[in-house]
Amino acid sequence: MQQQVYHSPVYHSQSIQAWEQRWFAKKNSSYGLMQQVAWSIVQCLIPLFIEENVQKVAVCCGQGNNAGDGYLVGKYLQQAGFEIEIYAAEKGGSQDLASASQEALDACIKVYPHFDFQTEYDAYIDALFGIGLNRDLNDTWQQMILRINAQKGLKIAIDIPSGLHANTGQPLPVAIQADYTYTALGLKTGLFTGQGKAYAGQVECISAIPIDAELKPVAQLSGTHIHLPKRQAFGHKGSYGHVLVIGGHADMGGAVIMSAEAAFAAGAGKVTVICDAKHHTAILSRAPNIMLKDMNALDEDQRDNLLQQVDAVCFGMGLGRDLWAEQQYQFWFSAIQQSQLEIVLDADALWFLAKRPEQLNPRTYCTPHPGEAATLLGYKTQDIEADRIAAIHTLQQKFKGQWVLKGSGSLILEDQLYICTAGNPGMGTGGMGDVLAGMIASLKAQFHENIHLHEIVTLHALAGDELAKYGQRGLQAQDMKQAIYKVVNL
């Protein structure tokens, strides 16, 4: 595999704060750092504001050091020729904040001691709260944030959109909906997972101090330039992996079709579907290259012989949860776990795993959405979403294996944690998870340890972005085939 883009590290807010304190302990100036960050942000804003025809700017400042950044950004923007007015909370906070606010006053910037906008502005800069916010905002601050969001102008967040939890990406309970976020020192996890992507807009990191040895990332952003090796001229269908798709209850045949088609689109040489025979005609009419077996007609010897012929198993799509499905789960689960195959567990296989928790082998890839993750852990779905990073680590601790927690900013936990930054809201539709499961099985069957799970998740998300080029509303999972074919051939 060739990964063309550096995996950007992402940090917990407490690690960033501790890093700052270590920097200051070496006699570096905290106010000097505030000035440097503000200056760097303004150098990013000047070309953006020129492009967007921004002239009048309102800077909204709270009471912490984030507000100090705001006062200085306002001053430097005024020096660059923009019309600046500041709306400020009551004075208080640190000496650095007092110095920054005085600089704005000395620059003769109009500072309003309230948040009632006096006119319309071309842009609104959010400097209300920084990364330390970890409590729900009171009604006054909630109304202030909603008022900023209601304005027509461009929204710019300094460090993190105010009201957004820096580590979980959850609003508390509302947050600034920024078009751009200029985050200081290092990237924060909350900007990329949970609801964070909906609030952060385009994120740029303002690097200002050197990384020290004690700073450790929570995760890495998965790179988006992924190139698969070229195929050899003498390859044949047996060279590129055989994927076995197992599922398809009599009442649910679509999921296995989408998984199988995705496996072929991602480059598998052969795909076999094992499902209720009721679906065979429909599958062949849609994809005659798929091989078929009747799920109700296999004995243990036939099962074991088939498992010796394949490279990867994709298990659980459309399996169902009734007595028949439970019997099929028991028939297949132990056999595939004891094999040397690449194994994807999705959908109803995860439901049965929750009922009968077992330690998974290292080549098992589980792909729950938040509701399925909640079932696996005995939590509520909102508990999963409240701290997705904690949830995925708990899943791996309980079950072993490798994990994908699907959703906006999907998390991938293999040897370390990755965050997928590709994808779009249009992918929130039935069948996308079945497609992902088929892609994982296909690419692992072809490349095994030479492709990472986070790269496959990213390819799936990039295919979704390709499909959404003409609009996100109305995307259909069964249309992903051509998009997958395109991204795996880039």
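Keep in mind the model is a prediction, meaning the values are calculated, not measured.

What counts, and at which threshold
- Residues numbered from 1 in each chain as written.
- Predicted model: local features only at pLDDT ≥ 70, side-chain atom pairs only at ≥ 80, totals over all residues.
- Heavy atoms only, no water.
- Helix = DSSP H or I, 4+ residues; strand = E, 2+ residues; numbered from the N terminus.
- Rg over C-alpha atoms; globule rule 2.2 N^0.38 Å.
- Buried < 20%, exposed > 50% of the residue type's maximum accessible area, 1.4 Å probe, protein only.
- Contact = heavy atoms within 4.5 Å.
- Lys, Arg positive; Asp, Glu negative; His and termini not counted.
- Charge placed at Lys NZ, Arg CZ, Asp CG, Glu CD.
- Pairing = 2+ DSSP bridges.
- 1 Å grid on protein atoms, 1.4 Å probe; cavity = no way out; pocket = protein on both sides within 12 Å on 5 of 7 lines; lining within 4 Å.
- Points joined across faces, edges and corners; volume = space filled by probe spheres on them.
- Nonpolar A, V, L, I, M, F, W, Y, C, P; charged D, E, K, R; others polar.

Engineer: Please give an account of the overall build of the protein that cites residues and values.
Structural biologist: A count of helical and extended segments in the protein gives 17 helices and 21 strands. The C-alpha atoms of the protein give 26 Å as radius of gyration, which agrees with the globular expectation for 490 residues (23 Å, within 12%). Taking the principal axes of the C-alpha coordinates as reference, the protein spans close to 85 × 40 × 40 Å. Across the 490 residues of the protein, 57% fall into the buried class. In the protein, 72% of the contacts between residues at least 6 apart in sequence involve partners at least 24 apart. Each charge class in the protein can be summarised by its mean position, and for the 36 positive and 48 negative side chains these summaries are 2 Å apart.

Engineer: I'd like to hear about the sheet that holds strand S14 (residues 270-275), residue by residue, with values.
Structural biologist: Read from one edge of the open sheet, twelve strands run S9-S2-S11-S21-S20-S19-S18-S17-S16-S13-S14-S15, paired in mixed fashion. Pairing within the sheet leaves two strands with one partner each, and these edge strands are strand S9 (187-188) and strand S15 (291-294).

Engineer: Please provide a residue-by-residue account of the layout of surface pockets, values included.
Structural biologist: Where empty space is left becomes clear once a probe the size of a water molecule has been rolled over the atoms. Its volume calculated, the largest pocket comes out at about 810 Å³. Elements represented by at least two residues in the lining of the largest pocket include exactly helix H6 (196-200), helix H12 (370-377), helix H15 (432-447) and helix H16 (453-467). Class assignment of the residues belonging to the lining of the largest pocket gives a composition of eleven nonpolar, 17 polar and six charged. If you add up the space inside the second largest pocket, you get close to 630 Å³. Together, 27 residues line the second largest pocket, and Glu 20, Gly 64, Asn 65, Asn 66 and Gly 130 are the ones closest to its centre. Sorting the residues of the lining of the second largest pocket by element identifies helix H1 (13-25), helix H2 (30-51) and helix H3 (65-79) as the ones contributing at least two each.

Fair warning: the whole summary comes from geometry, so function is off the table for now.
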